[in-house]
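If you want the building blocks of each chain, they are given just below.
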Amino acid sequence: QQAKVKFDKVGIDPPVTGQSLLNVRGSLNFAGGNSGTGQVYVNINNNPHLDKEPGSLPFAMLDDKSMAIITSVFDGYSAGMGQVKAVKQGANEVKKLFPKMSRIEKCWIVNDD
């Protein structure tokens with residue numbers, strides 16, 4: 001039930017029971033397991049410990065070309081520097097405190113069908 005609610009918010013089909021993606025390099029997931037935040041992260045490494053966390057259900061995978069772009073973005077900020085607090089306060093606070101933080105301004109889904 002939790003996965004259905006999570007994915008309904010953004011119009012993505014929930015994973016099929018028993019066939020969920022794992023938190024491996026290149027998988028996309030909602031921060032905190034909550035699509036309502038609008039914050040998505042990319043697993044840049046395999047993170048099997050996240051597979052056991054409630055709500056931690058990757059919803060897509062990036063290909064190698066996309067991962068090359070991800071690994072080229074600024075990575076000078078480490079976890080625990082106040083990014084989450086800044087995001088909750090708004091885009092201006094993020095820009096003020098983390099001026100080099102990379103942002104995704106636009107993205108789209110491409111079907112290979």
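Above this text is the structure in question.
This write-up is about the structure you can find in this document. (Residues numbered from 1 in each chain as written. Predicted model: local features only at pLDDT ≥ 70, side-chain atom pairs only at ≥ 80, totals over all residues. Heavy atoms only, no water.)

Counting secondary structure elements, the protein chain contains 4 helices and 3 strands. Going from N to C terminus, the protein chain has its helices and strands arranged as α-β-β-β-α-α-α. Within the protein chain, the proportion of its 113 residues that are buried is 19%. For the protein chain, the proportion of contacts with a sequence separation of at least 24, taken over those separated by at least 6, is 50%. Surface accessibility of the protein chain: about 8500 Å² in total, with carbon and sulfur atoms responsible for 54%. (Helix = DSSP H or I, 4+ residues; strand = E, 2+ residues; numbered from the N terminus. Buried < 20%, exposed > 50% of the residue type's maximum accessible area, 1.4 Å probe, protein only. Contact = heavy atoms within 4.5 Å. Areas by Shrake-Rupley, 256 points an atom, 1.4 Å probe, with all protein chains shown as cover.)

Turning to the environment of Leu-97, a few remarks are in order. Structurally, Leu-97 is set in helix 4 (residues 91-97). Sequence-wise, Leu-97 and Gly-82 are 15 residues apart; in three dimensions their C-alpha atoms are separated by 8.7 Å. The contact partners of Leu-97, leaving out residues within four places of it in the chain, are Tyr-77 and Ala-86.

Throughout the structure, instances matching the rule amount to 1 salt bridge. A salt bridge links Lys-96 to Glu-93; the nearest nitrogen and oxygen atoms lie 3.6 Å apart. Of the two residues, Lys-96 and Glu-93 both sit in helix 4, 3 residues apart, roughly one turn of that helix. For Lys-96, a relative accessible area of 59% translates into the label exposed. (Salt bridge = Lys/Arg side-chain N within 4 Å of Asp/Glu carboxyl O.)

With respect to topology, 3 strands assemble into an open sheet ordered 2-1-3, the strand pairing being antiparallel. Edge positions in the sheet fall to strand 2 (40-42) and strand 3 (60-61), since each has one partner strand and no second. (Pairing = 2+ DSSP bridges.)

So, to be careful, I would describe these as geometric facts and stop short of saying anything about function.
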